[in-house]
Amino acid sequence: MSAFAVAARAALEHELTGPASAPVVLALGGISATRHVVSTVEDPAPGWWEGIGGDGRALDTTSRRVLGVEFLDGGCNEDGTPARVVTTHDQAAAIVELLDALEIDQLDAAIGASYGGMVALALAERWPERVRRLVVISAAHEAYPMSTALRALQRATVELGLRSGNAREAMIIARGLAMTTYRSAREFAERFPPAPLAGARASLQAELDVERYLRHAGERFAERMRPARFLALSLSGDLHRVRPEQVRVPTTLVAAQGDTLVPPSQMRELARRLPRLRAFHTLRSRRGHDAFLTETGRLNRLLTTILDD
């Protein structure tokens, strides 16, 4: 365990909501997710998984305690780059320290999607006694090489932006590139029209509909994510690796149809190697990797069945 993890994990920010005596479910999302999973009395703003958490939903806060955390990011150097490398096992160690502080001996379930699924797998590999069951959505035991290639280009873009004094613009471009991996080619084809016929509106300043969408997504991301945090968490995902054979917690896997970032074929490989696989599901969607955020109806029904089992 790194000295950084030991020093930083006690400061892990979190939010815990639900009846004091109810079983605790840890909910972990992508690198943009926060500790605010679902709206609460104290903070009525919508959480990052609002469609999944709340009364009558899979993460019903009247019958379960929902725990959300802020991922560690290693801090920031003066030049805007990350101060330290943070691994998914560092994140898991910080969560274990938090569970100790909250006097939670064992989670009823850890549900992780995307980067959060990587962290959940790291938690189950090193500390199986702290989680009774695992649900992993659109995440695998290691990074997919093509996904690493695309994330490396995103990081290079942001690093160039930091060196040239254009960090915000670089973050916008990097996020736009990321969105092409979070969503599917099918959705883009159905959602955005092709370019107009040559001469109809052609100019050097022409902006296509899909370009406006990517720009808007990038601007929103740049407003809430520091470059150092993005660089640290992006690299953390690419450094992630667990041994499936060592994950001895009962595990349910959920792959997303059309996911190019974490292809269902890679999750099937994980399924074959897990010693205690409970089930493998494919979430039908045209949204690809982001299905865990967009297909709330289907995912609600699926997670409710899993958690009530």
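Heads up: the structure comes first, above all this text.
Cut-offs used in this document
- Residues numbered from 1 in each chain as written.
- Predicted model: local features only at pLDDT ≥ 70, side-chain atom pairs only at ≥ 80, totals over all residues.
- Heavy atoms only, no water.
- Phe/Tyr/Trp six-rings, centres within 6.5 Å; stacked < 30°, edge-to-face > 60°.
- Buried < 20%, exposed > 50% of the residue type's maximum accessible area, 1.4 Å probe, protein only.
- Helix = DSSP H or I, 4+ residues; strand = E, 2+ residues; numbered from the N terminus.
- 1 Å grid on protein atoms, 1.4 Å probe; cavity = no way out; pocket = protein on both sides within 12 Å on 5 of 7 lines; lining within 4 Å.
- Points joined across faces, edges and corners; volume = space filled by probe spheres on them.
- Nonpolar A, V, L, I, M, F, W, Y, C, P; charged D, E, K, R; others polar.
- Contact = heavy atoms within 4.5 Å.
- Salt bridge = Lys/Arg side-chain N within 4 Å of Asp/Glu carboxyl O.
- Axes fitted to C-alpha atoms, helices over the stretch in contact; angles between N-to-C directions.
- Parallel < 35°, antiparallel > 145°, perpendicular 65-115°, else oblique.
- Left-handed = near helix turned anticlockwise from the far one by under 90°.
- Pairing = 2+ DSSP bridges.
- Patch = residues over 30% accessible without salt bridge, like charges linked within 9 Å, V, L, I, M, F, W, Y side chains within 5 Å.
- Areas by Shrake-Rupley, 256 points an atom, 1.4 Å probe, with all protein chains shown as cover.

## Some thoughts on the packing of aromatic side chains
Here comes step 1: Throughout the structure, instances matching the rule amount to 6 aromatic pairs.
Here comes step 2: Geometrically, the ring pair formed by tryptophan 48 and tryptophan 49 is stacked, given 5.0 Å between the ring centres and 10 degrees between the ring planes.
Here comes step 3: What makes tryptophan 48 buried here is its relative accessible area of 18%.
Here comes step 4: Ring geometry for phenylalanine 192 versus tyrosine 213: centroids 5.2 Å apart, planes at 45 degrees, classification tilted. In this pair, phenylalanine 192 is assigned in the loop between α6 (185-191) and α7 (209-224) and tyrosine 213 in helix α7, connecting sequence segments 21 residues apart. Like tyrosine 213, phenylalanine 192 is buried.
Here comes step 5: Taken together, the ring pairs connect Phe188, Phe192 and Tyr213 into an aromatic cluster.

## Description of the layout of surface pockets
Rolled over the atoms, a probe with the dimensions of a water molecule shows which regions are left empty.
Here comes step 1: Within this model, the largest pocket holds a volume of roughly 910 Å³.
Here comes step 2: If you trace the largest pocket, you find 41 residues lining it, with Ser32, Arg175, Tyr182, Asp290 and Leu293 closest to the centre.
Here comes step 3: Secondary structure elements with two or more residues in the lining of the largest pocket: α3 (115-126), α4 (145-164), α5 (167-182), α7, α8 (227-239) and α10 (291-294).
Here comes step 4: Classifying every residue of the lining of the largest pocket gives 20 nonpolar, 13 polar and 8 charged.

## Let's talk about the side chain of threonine 252
Here comes step 1: Inspection of the secondary structure puts threonine 252 in strand β6 (residues 251-256).
Here comes step 2: Excluding anything up to four places from it in sequence, threonine 252 contacts Leu134, Val135, Val136, Arg278, Ala279, His281 and Ile306.

## Remarks on the pattern of salt bridges
Here comes step 1: Taken as a whole and assessed by the stated rule, the structure comprises 25 salt bridges.
Here comes step 2: A salt bridge links glutamate 125 to arginine 243; its shortest N-O distance comes to 3.4 Å. One end of the pair, glutamate 125, is in helix α3; the other, arginine 243, is in the loop between α8 and β6, with 118 residues separating them in the sequence.
Here comes step 3: Note on glutamate 125: relative accessible area 11%, which makes it buried.
Here comes step 4: What emerges from the salt-bridge pattern is a single network uniting Arg183, Glu187, Arg191, Arg287 and Asp290.

## Remarks on the packing of α5 against α7
Here comes step 1: Following both chains from N to C, one finds α5 and α7 inclined at 125 degrees, their axes separated by 7 Å at the closest point. The pairing of α5 with α7 is recorded here as oblique in orientation. Handedness of the crossing formed by α5 with α7: right-handed. Contact residues: α5 offers Arg168, Glu169, Met171, Ile172, Arg175, Gly176, Met179 and Thr180, while α7 offers Tyr213, Leu214, Arg215, Ala217, Gly218, Glu219, Phe221, Ala222 and Arg224.

## Focus on the sheet that holds strand β2 (residues 24-28)
Here comes step 1: In spatial order, the strands read β1-β3-β2-β4-β5-β6-β7; together these 7 strands make up an open sheet with mixed pairing. A strand with exactly one partner marks an edge of an open sheet, and here the two such strands are β1 (14-17) and β7 (277-283). The sheet shows a mean angle of 15 degrees between the axes of neighbouring strands, direction not considered.
Here comes step 2: By the bridge criterion, 4 bridges tie β1 to strand β3 (residues 65-69) in an arrangement that is antiparallel. Looking at the pairing, leucine 16 lines up with leucine 67 of β3.

## Observations regarding a nonpolar patch on the surface
Here comes step 1: Residues Val85, Leu235 and Leu239 make up a contiguous nonpolar surface patch of about 240 Å² in total accessible area.
Here comes step 2: Tracing the sequence through the fold places leucine 235 in helix α8.
Here comes step 3: Assessed through its relative accessible area of 30%, leucine 235 is described here as partly exposed.

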